[in-house]
Structures are given as C-alpha cells and as structure tokens.
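Residue-level structural notes
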Amino acid sequence: SGTNASRTLLGEYVKLKLGFVAVKNRSQKELNEGVTVRQALRDEVAFFSSHPAYKDMSPSLFGCKNLSKKLMHILASRIHALLPTLREKVTDSLESVEAQLHQLGDAVSPEEVDQRRLVTKLLKQYSDSINNLLDGVLDDHSLSLLDPDQDFGPAVISSIFHNFSEAIAALEITKLLSDDEIRRQIRNTQGTALPNFLSFRTFKFLIRPPIEKMSRPSSDCLDRTHRYLQDLCFKLAKHIFGRFPLLLDRVRNQSDSLLASLRSDCKERLSALIEHQRYVYTSNPEYLRLTRQPTPQRTGTDGILQQEQVLDEVQELRRRLSAYYALVKSVISDEVTRTIGYNFQNGLQCRLFLELESSIGGPDAAR
C-alpha cells in the first residue's frame, strides 16, 4: 500500500558487501489454503514482475531461485578459496597419524609368551642403540633423535675428557705454593736439625695439597659424563618405549639406578686414585734426570752465603716439587679418563641389557 523495498534492495540505506535478494514467502492464509511450494514460487515470480516498484529492476534482486543461485555461488567461492588449505591440513594430519601408528607398531598380542618376547625385543633395541651411539654408530632410533650437525656419543665423551685434561694441565704448583710458604714449611720440619739438608717430610707435606686440588676436576669430569649418559638414556627410552608408559617409567628408573651405581663405584675409584698419589714415590727416568741436575752454589761472606743457601734450598725444593707434580698430573690425566671410560661408560654398555632383562619382564610391562 504505497511502500516498497526498492531503495533498500539498491543499498541506499545499508550497503551490504554481497547485496540483498528479496523473496516472497507464503502467508499464513496461503498455508492454511494448502498452497504448494511450486505454486508459491510461480506466484512470487508473478508478484515481482508485475509490481510497479520492482518490475523495472534487475530480476537478480528477486526470488528464491536467484537467492539460491547466489548462495551456491558464495559457497562454491569459499570452498575454492579454502580447499587448498584444508587439503594441506588433512595431509599433514594424515602423515602425523601414520607416523604415530608406525611408531606404535603392531598391536600387542594377548598371549603372554608374545608379550614377553616383545618386551625383550624392545629392551634389546634400547641397549643396542645406546651401545651403538657410544661406539659412534647411528641406527634408526638414534638417527631420528640426534641433530646431524652436533657431536654425539664418543665425540661428546672425548670433549669432556679433553676439558678435564686441560683443567689438570692448568694446575701449576708455582701458583699453588709461594716461596714464603716453602720457607715456612722448611723451618717447621727442619727444627733444630742441621741446616741445608732437604727434608723428605717437607717435600711430602708440600706436595699433598696440590695433589688434592685434582679431586675437583676429576669429580666434575665424572659428573658431566654421568649427565650426558643419563640424558642419552632418557631420550632413547622415550623414543623406544613411548607407547608403553608404565614400561617407560620402569626402564628409566632402572637405567638411572644403574647409572647411579656405576657413578658411585667410579667415584670411589677416583678418590682412591687421588689418594694413592699422596704416597710419594717414582722411578720415572725423566723425574730422576731433572732432579739430578745440581743447583749452582755461590761463594761470598758467611752472611751472604747463608742467605743464598736458603734461597738455593727453596729453589731446589721447588724444582723437585714441580718435576714430581708434572709427573702426577700426567698420571691423573690418563688414569681418571681411563677409569671413567672403562668403569662407567663401558660398564653401562656391558651391564645395561642384563640389568633390564633381569629386573623388567613379564606380560604386565607391555600393557
């Protein structure tokens, strides 16, 4: 009755990005009279084509059929725009799931014998992977865990040992003992004895503190080796036993227990090794050659000669201490790394599978 929506359809009031489409629905009266959808569509076309305000406007602005076509076009455009991204997401998800399925492996058999066999197989894979890594060999499990651009296995252990050797080499007895300290110990141990006789007791007293300085680098070397082996076992266990959380926890606990036991035993050996160096003795030819060189004697008045003799005695004792300390450093540098390598690293390689097999077994571990 005099009103129409032509200006709204043209977007003069509100502009929509996709525009408007006008439709004529069935009224309640028509529904009551049983007007069908087909008949309503024909009535809709007749209404818009004969209406004074709409008959001269674009037919695409009217009717359910045009609305349906427009919606289908919008839907197709959205699908076309999003389909590549959806296809990529589906592909990535599929590859991820397939990788997880591959990692999980075949289904676990309900038979107890098969479960025991599976547990033994996984334990063997785990111990073999650790042994291979520490021998410098990469297998399928370690390849998926390690960065090919970083050192692994024996290279890391060798680096730890090298740093330890450098720390031992950096210890200098000339920095650890001053001339005043040497003189004081000479006086303390000489007492009322005849002067100008080098005291073996003075030598032993002075050499022990520098030897004890080697304990800290030795302990640090052992701790760094322990941390690396522990991290290695942790990563490989997670990779191999990830599908069995309970079994994973048991493997980790047993591996940590073995590492702790090996570390404790190795620490006692290192302590004994350092302690043994406090027993002063050597027949090393180089030490004997260095200490047989006589210290030059000086002549002069009695007062000057006595002072120079004291200086000569200090220097002579320092020369012997330096020669012996260099010998001890060489022994410690070799023996500490050899002890850690044999008793800790090699001990892990030899005992890991046996320890796991004896403590972890049975069907419950694979469930």
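As shown above, the structure is provided for reference.
These remarks concern the structure in this document. Owing to the predicted nature of the structure, the values given are computational and were not obtained by experimental measurement. (Residues numbered from 1 in each chain as written. Predicted model: local features only at pLDDT ≥ 70, side-chain atom pairs only at ≥ 80, totals over all residues. Heavy atoms only, no water.)

**Regarding the overall build of the protein**
Secondary structure assignment for the protein yields 14 helices and zero strands. When the helices and strands of the protein are read in sequence order from the N terminus, they spell out α-α-α-α-α-α-α-α-α-α-α-α-α-α. Expressed as a percentage of the 367 residues in the protein, the buried residues total 33%. Sequence separation of at least 24 residues holds for 79% of the intrachain contacts in the protein that already meet a minimum separation of 6. With an accessible surface of roughly 23,200 Å², the protein has 54% of that area assigned to carbon and sulfur atoms. (Helix = DSSP H or I, 4+ residues; strand = E, 2+ residues; numbered from the N terminus. Buried < 20%, exposed > 50% of the residue type's maximum accessible area, 1.4 Å probe, protein only. Contact = heavy atoms within 4.5 Å. Areas by Shrake-Rupley, 256 points an atom, 1.4 Å probe, with all protein chains shown as cover.)

**Description of the layout of surface pockets**
In this model, the second largest pocket occupies a volume close to 230 Å³. Going through the elements one at a time, α3 (37–50) and α4 (64–104) are the ones with two or more residues in the lining of the second largest pocket. When grouped by side-chain class, the residues that make up the lining of the second largest pocket number eight nonpolar, three polar and three charged. (1 Å grid on protein atoms, 1.4 Å probe; cavity = no way out; pocket = protein on both sides within 12 Å on 5 of 7 lines; lining within 4 Å. Points joined across faces, edges and corners; volume = space filled by probe spheres on them. Nonpolar A, V, L, I, M, F, W, Y, C, P; charged D, E, K, R; others polar.)

**Notes on the packing of aromatic side chains**
Following the criterion strictly, the structure yields five aromatic pairs and no others. One aromatic cluster is present, formed by Phe47, Phe48, Tyr54 and Phe62 through successive ring pairs. Sitting over the ring of Phe47, Lys24 keeps its end group 5.8 Å from the ring centre. Here the basic side chain of Lys124 rests over the ring of Phe353, its NZ or CZ set 5.9 Å away from the ring centre. (Phe/Tyr/Trp six-rings, centres within 6.5 Å; stacked < 30°, edge-to-face > 60°. Lys NZ or Arg CZ within 6 Å of the ring centre and 35° of its normal.)

**Some remarks on the side chain of Glu44**
Along the chain, Glu44 falls in helix α3. In this structure Glu44 is buried but unpaired, with Lys24 as the nearest side chain of opposite charge at 8.0 Å. At 2.9 Å, the side chain of Glu44 and the backbone nitrogen of Lys24 are in polar contact. There is a polar contact of 3.0 Å between the side chain of Glu44 and the backbone nitrogen of Cys64. Once residues within four sequence positions are removed from consideration, Glu44 is found in contact with Ala22, Val23, Lys24, Gly63 and Cys64. (Lys, Arg positive; Asp, Glu negative; His and termini not counted. Salt bridge = Lys/Arg side-chain N within 4 Å of Asp/Glu carboxyl O. Polar contact = N/O pair within 3.5 Å; in protein donor to acceptor, adjacent residues only side chain to side chain.)

**Here we look at the packing of helix α11 (residues 215–241) against helix α12 (residues 245–276)**
One way to put it is that α11 packs onto α12 with a least axis distance of 10 Å and a crossing angle of 165°. By the angle class used here, α11 and α12 are roughly antiparallel. Crossing hand, α11 versus α12: right-handed. Tallied by class, residues from the contact of α11 with α12 come to 15 nonpolar, six polar and six charged. (Axes fitted to C-alpha atoms, helices over the stretch in contact; angles between N-to-C directions. Parallel < 35°, antiparallel > 145°, perpendicular 65-115°, else oblique. Left-handed = near helix turned anticlockwise from the far one by under 90°.)

**A look at the environment of Asp128**
Here Asp128 shows up in helix α5 (residues 112–134). Among the residues examined, Asp128 registers a relative accessible area of 28% and is labelled partly exposed. Between the C-alpha atoms of Asp128 and Leu352, which are 224 residues apart in sequence, the distance is 9.4 Å.

**Digging into the pattern of salt bridges**
Across all of its chains, the model carries 13 salt bridges by this definition. Residue Lys235 is joined to Asp231 by a salt bridge in which the shortest nitrogen-to-oxygen separation is 3.4 Å. Of the two residues, Lys235 and Asp231 both sit in helix α11, four residues apart, roughly one turn of that helix. Residue Asp231 is classed as partly exposed on the basis of its relative accessible area, which comes to 35%.

**Comments concerning a positive patch on the surface**
There is a patch of like positive charges on the surface, built from Arg38, Arg42, Lys65 and Lys69. Residue Arg42 is classed as partly exposed on the basis of its relative accessible area, which comes to 47%. (Patch = residues over 30% accessible without salt bridge, like charges linked within 9 Å, V, L, I, M, F, W, Y side chains within 5 Å. Charge placed at Lys NZ, Arg CZ, Asp CG, Glu CD.)

**Quick word on a nonpolar patch on the surface**
On the surface, a cluster of nonpolar side chains totalling about 560 Å² of accessible area is made up of Met72, Leu75, Ile79, Leu82, Leu83 and Leu86. Turning to its location among the elements, Leu82 is positioned in helix α4.

**Some words on helix α7 (residues 154–169)**
For α7, built from 16 residues, the straight-helix expectation of 22 Å at 1.5 Å per residue is met to within 8% by its first-to-last C-alpha distance of 22 Å. Buried residues of α7: Val156, Ile157, Ile160, Phe161, Phe164 and Ile168, and no others. Taken end-on, α7 shows its buried residues confined to a sector of 135°, consistent with a single buried face. (Expected span 1.5 Å × (residues − 1). Arc of directions from axis to C-beta.)

**What about a negative patch on the surface?**
Taken together, the side chains of Glu88, Asp92, Glu95 and Glu98 make up a negatively charged region of the molecular surface. In this fold, Glu88 is placed in helix α4.

**Comments concerning the nonpolar core**
Tyr126, Ile207, Phe241, Val251, Ile332, Ile340 and Leu348 are the most contacted members of the largest nonpolar core, which totals 62 residues. Mapped by element, the contributors of at least two residues to this core are α5, α7, α9 (179–190), α10 (200–212), α11, α12 and α14 (302–359). By residue number, the principal contributor to this core is α14, which donates 14 residues. Ignoring any residue separated from it by four or fewer positions in sequence, one finds Ile332 in contact with Phe164, Ile168, Met214, Ser218, Leu273, Ile274 and Gln277. Ranked by size, the runner-up nonpolar core spans seven residues in total, among them Leu9, Phe48, Tyr54 and Met57. (Core = buried A, V, L, I, M, F, W, Y, C linked by side-chain atoms within 4.5 Å.)

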